[in-house]
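For reference, the chains in residue letters:
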Amino acid sequence: MRASMRSFGNASFNHGNTTRHHFNRPLHQTDMLSDDQEAVLRRVIDALERSGVPYFITGSVAGAFHGAIRETHDADIAFDATHVVLPRMLAEEFGASAYVDVPEDGMRQFNIIDDASSYKIDFWPIGRTPFERAQFERRIRHAAFDRDAWFASIEDLILSKLRWHAQSGSELQWRDLTLLRDLHRDTLDYAYLDHWA
């Protein structure tokens, strides 16, 4: 993976405060989400905020937040793996209006599929490794969808997409991460990227 990471440049760069980034546009009513999809995501964010479960939005929705907007049919949310009650809590929150894949064999990835819009949100339990814990420390609080929400930092989003590309060979992931790199080239924390790549 380091061979791929070298293509991002070899500058020595560290801002210190990792929340200092230049965002290309507010994430609200973007072309990538319909009104129904946005309503589902707002409902999930509100439930997470009330619960106090640490989380952050990642994947293509976070990519749009950081300026790389493209069409997507789902959303990805990472959450603290120690909160094993989250799937059942969300099942109670949505009731019959959505399918919630509640894990029966311990904590694992699960999803919600809204019945009306068929919009799917994947939930990823993380926090077990040093890198995953670092992602929580670097997550960004920002206004989106008429409320405040947590998002993956630009560096962690690039690293996640780099890992997905390495595992799957997905050219879409590679296009996403190179676009994000180009948009934020002058403000990326290259020391952090090199450390975790």
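Structure shown above.
Residues numbered from 1 in each chain as written. Predicted model: local features only at pLDDT ≥ 70, side-chain atom pairs only at ≥ 80, totals over all residues. Heavy atoms only, no water.

> Which parts of the structure should I look at to understand the overall build of the chain?
Per the secondary structure count, the chain includes 8 helices and 7 strands. Going through the 197 residues of the chain one by one, you find that 50% of them count as buried. Across the chain, contacts joining residues at least 24 apart in sequence account for 65% of those joining residues at least 6 apart. Just so you have it, the chain exposes about 9,400 Å², and 48% of that area is on carbon and sulfur atoms. (Helix = DSSP H or I, 4+ residues; strand = E, 2+ residues; numbered from the N terminus. Buried < 20%, exposed > 50% of the residue type's maximum accessible area, 1.4 Å probe, protein only. Contact = heavy atoms within 4.5 Å. Areas by Shrake-Rupley, 256 points an atom, 1.4 Å probe, with all protein chains shown as cover.)

> Got a minute to help me understand the pattern of salt bridges in this structure?
In a structure, side chains of opposite charge can pair up when their charged atoms sit close to one another. Here the structure, examined in full by the defined rule, presents 14 salt bridges. A salt bridge links Arg70 to Asp176; the shortest N-O distance between them is 2.9 Å. Here Arg70, found in the loop between α3 (59-65) and β2 (74-80), pairs with Asp176, found in helix α7 (residues 171-183); they are 106 residues apart in sequence, far enough to count as distant. Classification of Arg70 as partly exposed rests on a relative accessible area of 21%. Here Asp176 makes a salt bridge to Lys161, at a shortest N to O gap of 3.0 Å. You can see Asp176 sitting in helix α7 and its partner Lys161 sitting in helix α6 (residues 154-168), a full 15 residues away along the chain. (Salt bridge = Lys/Arg side-chain N within 4 Å of Asp/Glu carboxyl O.)

> Would you mind showing me how to read the environment of Val44 here?
Here Val44 shows up in helix α2 (residues 35-51). Of the residues examined, Val44 reaches a relative accessible area of 0% and is grouped as buried. For the pair Val44 and Ile112, spaced 68 residues apart in sequence, the C-alpha separation works out to 9.4 Å. Beyond its immediate chain neighbours, meaning those up to four positions away, Val44 contacts Ile77, Phe94, Ile112, Ile121 and Phe123.

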